[in-house]
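# Coordinate analysis (summary)
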Amino acid sequence: MKLRRGNINDLRELASIESICFPPEQAAGLEQFRRRLEKYPQHFLVLCDSDGKIISFINGFVTDIPDLTDEMYEKADMHKENGSWQMIFGLNTLPEYRRRGHAQTLMNEFLSIARSEGRRGAVLTCKESLIGFYERFGFVNEGVSEGSVIGGVKWYQMRRSF
Ligand SMILES: CC(C)(COP(=O)(O)OP(=O)(O)OC[C@H]1O[C@@H](n2cnc3c(N)ncnc32)[C@H](O)[C@@H]1OP(=O)(O)O)[C@@H](O)C(=O)NCCC(=O)NCCS
């Protein structure tokens, strides 16, 4: 396994993994990933197998805005490199590689980088079923998100303060 930052050459592979991991109304599409990878590739972490195939990844931009909203997914230009909060827009592991600690590895590294960069913390939204999963990393549930309603799902905002 190799952990590295993302880059624009990962575009198609990442969009494909996202489409496998999320239903279409919740998944970020190719053009959305293109804008993100052009604007903040350094805020993508990918985990590859020995053949270089990506099996898991995490991404999100940085901002001074403390709460996550759906427009952030679309608008890569809102990224502010010296912002306070590391947002997490997606954490995906290909189904056949799940339950082996890959997402955990990525999350721990993503948080460690955010902390070393002097951020105040990290923010994400998730479905109710994953609240316990994120609590393990020190995220605190702030209740149903007002800013994110994508896919008609009830999203919970969670924050890990450093
Ligand atoms: C959620 C997801 C990223 C987890 O990936 P993963 O690589 O299987 O996670 P890990 O193996 O690192 O899991 C770490 C721990 O969390 C647990 N865990 C993993 N998925 C879980 C889930 N869906 N619900 C509850 N606990 C879970 C694992 O059992 C593991 O605990 P263990 O070490 O005691 O066995 C993956 O299931 C996925 O891509 N899901 C679809 C996309 C998605 O919903 N992403 C989250 C967006 S909010």
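For every chain, the first residue of its written sequence is number 1, and the numbers climb from 1 along that sequence. A pLDDT threshold of at least 70 governs which residues receive local features in this predicted model, and a stricter bar of 80 or more applies before side-chain atom pairs are shown or counted, although totals over entire chains, interfaces and linings include all residues. In computing side-chain properties, one takes all heavy atoms of the structure into account and sets aside hydrogens as well as water.

### As for the sheet that holds strand S9 (residues 156–161)
What makes two strands pair is DSSP finding at least two bridges between them. For helices the rule is a DSSP run of H or I covering at least 4 residues; for strands it is a run of E covering at least 2, with both sets numbered from the N terminus onward. Read across the sheet, 5 strands follow the order S4-S5-S7-S9-S8 without closing on themselves; strand pairing throughout is mixed. Strands at the two margins of the open sheet, each flanked by one partner only, are strand S4 (62–63) and strand S8 (140–144). Direction of pairing for S4 relative to strand S5 (residues 85–88): antiparallel, over a ladder of 2 bridges. Considered in S5, the bridge of Val62 is made with Gln86. Together, S5, strand S7 (121–126) and S9 form the strand contacts of helix H4 (residues 102–116), whose direction differs from that of S5 by roughly 160°. We call two residues in contact when some of their heavy atoms are within 4.5 Å. To obtain an axis, a line is fitted to C-alpha atoms, over the contacting stretch when the element is a helix, and the angle between two such axes runs from 0 to 180 degrees between their N-to-C directions.

### Things to note about the side chain of Glu18
Structurally, Glu18 is set in helix H1 (residues 11–21). Apart from residues no more than four positions distant in its own chain, Glu18 is found in contact with Gln26, Ala27, Ala28, Phe33, Phe57 and Asn92.

### Side note on the site of the ligand
Taken together, the neighbourhood of the ligand is formed by 18 residues, with Leu91, Arg99, Gly101, Gln104 and Arg136 sitting nearest. Between the ligand and His102, the relevant distance is 3.5 Å, taken from an oxygen atom to a main-chain nitrogen or oxygen of the residue. In this structure, Arg136 approaches the ligand through a side-chain N or O atom, which is 2.8 Å from an oxygen atom. Bound to the protein, the ligand loses 76% of the 890 Å² it would expose on its own. Gly counts as polar in this scheme, as do all residues outside two lists: the nonpolar Ala, Val, Leu, Ile, Met, Phe, Trp, Tyr, Cys and Pro, and the charged Asp, Glu, Lys and Arg. Per-class residue counts for the shell around the ligand are 8 nonpolar, 6 polar and 4 charged. In these notes, residues near a molecule or strand are those with any non-hydrogen atom within 4 Å of it. Each polar contact in these results corresponds to two N or O atoms within 3.5 Å; when the atoms are within protein, one needs to be able to donate a hydrogen and the other to accept it, and residues that are neighboring in sequence are counted only if both atoms are side-chain atoms. Residue burial considers only the protein chains on display, and all accessible areas are found by Shrake-Rupley using a 1.4 Å probe.

### A look at the pattern of salt bridges
A pair is scored as a salt bridge if a Lys or Arg side-chain nitrogen falls within 4 Å of a carboxyl oxygen belonging to Asp or Glu. What the rule picks out here adds up to 10 salt bridges. For Glu74, the salt bridge is made with Arg35, and the minimal N-O distance between the two is 3.1 Å. In this pair, Glu74 is assigned in helix H3 (residues 70–74) and Arg35 in helix H2 (residues 30–39), connecting sequence segments 39 residues apart. For Glu71, the salt bridge is made with Lys75, and the minimal N-O distance between the two is 2.9 Å. Each of Asp67, Glu142 and Arg159 takes part in a single network of salt bridges with overlapping partners.

### Things to note about the sheet that holds strand S3 (residues 54–59)
Read across the open sheet, the 4 strands follow the order S1-S2-S3-S6; overall the sheet is antiparallel. In this open sheet, the two edge strands, each paired with only one partner strand, are strand S1 (2–5) and strand S6 (90–93). Within the sheet, the average angular offset between the axes of one strand and its neighbour, ignoring direction, is 15°. Pairing between S1 and strand S2 (residues 44–48): 4 bridges, direction antiparallel. Each bridged residue has a counterpart across the sheet, and for Leu3 the counterpart in S2 is Leu47. Contacting S1, S2, S3 and S6, H4 runs over the sheet at an angle of about 35° to S3.

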